[in-house]
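# Descriptive analysis of the structure
Residue strings, one per chain:
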Amino acid sequence: MFKRNIFLFILCVNVFGAVAQEEFVTYTIGEKFNDKYRYSNMLAIADDGSGGTVVVRGYYTGIILKPKGYFIEHYNKDLELISEFNYKLKHANFIDAYVRNGQVYLLFLEYSFKKNSYVYEVHRSPFTQFQFTKETILSIASDPVIQPLDRNYYNRNFSSGFTTSVLFNDDKSAFAITTHFKKRKADQHYIHVFNANLNKIMEHDFSDEVEEKNYAFENLAFSKDLQNVYLVGKAYFKKKRFNATERKFQYEMVRISQTGRSVQSFYTPGKFPEALKPVFKGNDLLCIGFYADRKDNRYNGISFFKLNPLSLELEKSKFNPFSEQFMIDKFGREEDKAIKNLVFKGMNITKEGNILFNAEEYFTSNSVQSNSSGGRFKVTRYHHNDIISAKLSPQGDLIWARNINKTEVTQGDGAYASYSAYTKDNNTYFFISTSAENPQQLSDDRIMFKQGFSRNRNVFLIRLDKNGHMKYNKVIDDTEARLPLMVSAPFIDRQKDELKFYAKRGSKKQLVQVAVK
């Protein structure tokens, strides 16, 4: 392995400021190791408690690729592979994975025909001595349905008879399972909350709320003691009459505790909140996202709400429209362009109380293709486009918003696409991977990062400083890191200001560690 300091020679255009030479990051590229599973997806990457790293992957084999099991790798602090384990498991309905307290946890949703119930089951094992055990944490009586797990929060189907979803908080210290069962006159909605050790914190009967509305929760946050959970999502009205300017749903926040609940809607005439995310700033409960001036999901700006953590009473709300400079960054001088499909990627509160967050334009598309035997099959493509970054004051006023032009599409593992972000000292650092040697120059003040066609990938670093000024450069060259990095799925160590990226192609793999100066 080797270590190299990166000196960023900044290639600037008008919007990026003066030319400068600065050292932003250093990196270490670990040794390459052999891997017998060419096809896999990253499921989790985490610290082992001693400076090492644990990686969990789901792998696929066969002429027609099918999931066959889970591969767990353990690396030491020097990025050396010290153990690996193949957990063979076919036909399992995987939900999520995480690493906590020296153990690997795999969460599944299965159907038990003996019990006529859906069962949430956890397989876990210490990563120092692998021996998986199984544990049922929740069982819900229901007939089998075509798709019980609600993977698409934006077009949820409430008519199947049973639907369920799982939401984790950002550090995966706790999670909530929502279950909605409907059959004839029975209409039951329960929220079950667990900590990462699988201890049940609370169970709440939410059924009386679904008499009027169906809920599709999208994000959640917990209080520090995990005794209050705050879920945010869309509430779909069942019987309300709507006029042409209204939507059939509204965003709501629901607080659940062992003693009760509170509910708050974010309904504001003429404003349509979108992609809201709850977050605590000290003891203040905030909900931040975007909004539209029309019901067609065109985003016009950034929304900010401050709520009472117990009653959820709205104490402050603000709608900050995108600036003219932001729209020029994104579209140039073109007119009638719309911002859509924004998905939160990260949020950070500075020491001064300012709020830095970023999101990405994300959507899927489908097409039908022919195979070599004359059959036809559907292909789903995942589009990861522009990055939007914004800074709000402690009072919720928009200080600046910037757009980073980017276009990526993938049919496979999304971990190689998209980006990761890290915030330090009011600076936000974005890591993106591209085959291009340099971004495309669109105009005097706009650039575009494109995916490129080479199988080798460069890693670019984009820095936004406290004033929103942008600088960028290539920080890891494809001649040095020969394997593409899973740039959107790093382990982030905020105490050391380090990120660890997993890199893999075919039968080779390695870790790459990046330290932010």
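Procedures and definitions
- Residues numbered from 1 in each chain as written.
- Predicted model: local features only at pLDDT ≥ 70, side-chain atom pairs only at ≥ 80, totals over all residues.
- Heavy atoms only, no water.
- Core = buried A, V, L, I, M, F, W, Y, C linked by side-chain atoms within 4.5 Å.
- Buried < 20%, exposed > 50% of the residue type's maximum accessible area, 1.4 Å probe, protein only.
- Helix = DSSP H or I, 4+ residues; strand = E, 2+ residues; numbered from the N terminus.
- Contact = heavy atoms within 4.5 Å.
- Phe/Tyr/Trp six-rings, centres within 6.5 Å; stacked < 30°, edge-to-face > 60°.
- Lys NZ or Arg CZ within 6 Å of the ring centre and 35° of its normal.
- Salt bridge = Lys/Arg side-chain N within 4 Å of Asp/Glu carboxyl O.
- pLDDT = per-residue confidence, 0-100.
- Pairing = 2+ DSSP bridges.
- Axes fitted to C-alpha atoms, helices over the stretch in contact; angles between N-to-C directions.

### Section: the nonpolar core
- With 23 residues, the main nonpolar core has Leu107, Tyr120, Ile137, Val166, Phe175 and Ile177 as its most contacted residues.
- Of all the secondary structure elements, the ones that give two or more residues to this core are strand S10 (94-100), strand S11 (103-112), strand S12 (117-126), strand S13 (133-141), strand S14 (162-168) and strand S15 (174-183).
- Top contributing element to this core by residue count: S11, with 4 residues.
- Excluding residues that lie within four positions of it along the chain, leucine 107 makes contacts with Asn93, Phe94, Ile95, Asp96, Tyr120, Glu121, Val122, Ile137, Val166 and Phe168.
- The next biggest cluster of nonpolar side chains, apart from the first, holds 22 residues, and it includes Leu286, Leu342, Phe357 and Ala401.

### Notes on the packing of aromatic side chains
- If you walk through the whole model with that rule in mind, you get 33 aromatic pairs.
- Aromatic side chains phenylalanine 85 and phenylalanine 130 sit 4.8 Å apart centroid to centroid with 10° between the ring planes, which places their arrangement in the stacked category. With phenylalanine 85 in strand S9 (residues 81-88) and phenylalanine 130 in the loop between S12 and S13, this pair connects stretches of sequence that are 45 residues apart.
- Look at phenylalanine 130 and you get buried, because its relative accessible area is 19%.
- Seen in terms of ring centroids, tyrosine 215 and phenylalanine 217 are 5.5 Å apart; in terms of plane orientation they differ by 25°. Their pairing is stacked.
- By relative accessible area, tyrosine 215 is classed as buried at 1%.
- For phenylalanine 217, a relative accessible area of 0% translates into the label buried.
- In this structure an aromatic cluster arises from ring pairing among Tyr98, Tyr105, Phe168, Phe175 and Phe194.
- Here the guanidinium or amino end of lysine 234 rests over the ring plane of phenylalanine 249, the centre of that ring lying 5.3 Å away.

### Some thoughts on the pattern of salt bridges
- Summed over all chains, the structure comprises 26 salt bridges.
- For arginine 57, the salt bridge is made with glutamate 73, and the minimal N-O distance between the two is 2.4 Å. Here arginine 57, found in strand S7 (residues 53-61), pairs with glutamate 73, found in strand S8 (residues 66-75); they are 16 residues apart in sequence, far enough to count as distant. Each member of the pair, arginine 57 together with glutamate 73, is buried.
- Two residues, lysine 238 and aspartate 187, come together in a salt bridge whose shortest N-O distance is 2.9 Å. Here lysine 238, found in the loop between strand S19 (229-237) and strand S20 (249-257), pairs with aspartate 187, found in strand S16 (residues 186-195); they are 51 residues apart in sequence, far enough to count as distant.

### Some thoughts on the confidence of the model for the chain
- Per-residue confidence for the chain averages 86 on the pLDDT scale, and 89% of its residues sit at or above 70.
- A low-confidence stretch, residues 1-21 (pLDDT under 50), is modelled with 63 contacts involving residues beyond four sequence positions or located in other chains.

### Considering the sheet that holds S10
- On the basis of which strands lie adjacent, the open sheet formed by 4 strands has the order S10-S11-S12-S13 and antiparallel pairing. Two strands bound the open sheet, and with one partner strand each, they are S10 and S13. Direction aside, neighbouring strands of the sheet carry axes that sit 20° apart on average.
- Two strands pair when backbone bridges link them, and S10 and S11 are joined in this way by 6 bridges, in the antiparallel orientation. If you follow arginine 100 over to S11, its bridge partner there is glutamine 103.

### Thoughts on unusual backbone geometry
- Look at lysine 172: it is not a glycine, yet its phi comes out positive at around 55°.
- The residue lysine 172 is located in the loop between S14 and S15 in this model.
- Using a relative accessible area of 23% as the deciding quantity, one classes lysine 172 as partly exposed.
- The phi torsion at aspartate 497 lies on the positive side, around 55°, for a residue other than glycine.
- Relative to the helices and strands, aspartate 497 is located in the loop between strand S36 (491-493) and strand S37 (498-505).
- The buried category is assigned to aspartate 497, whose relative accessible area is 17%.

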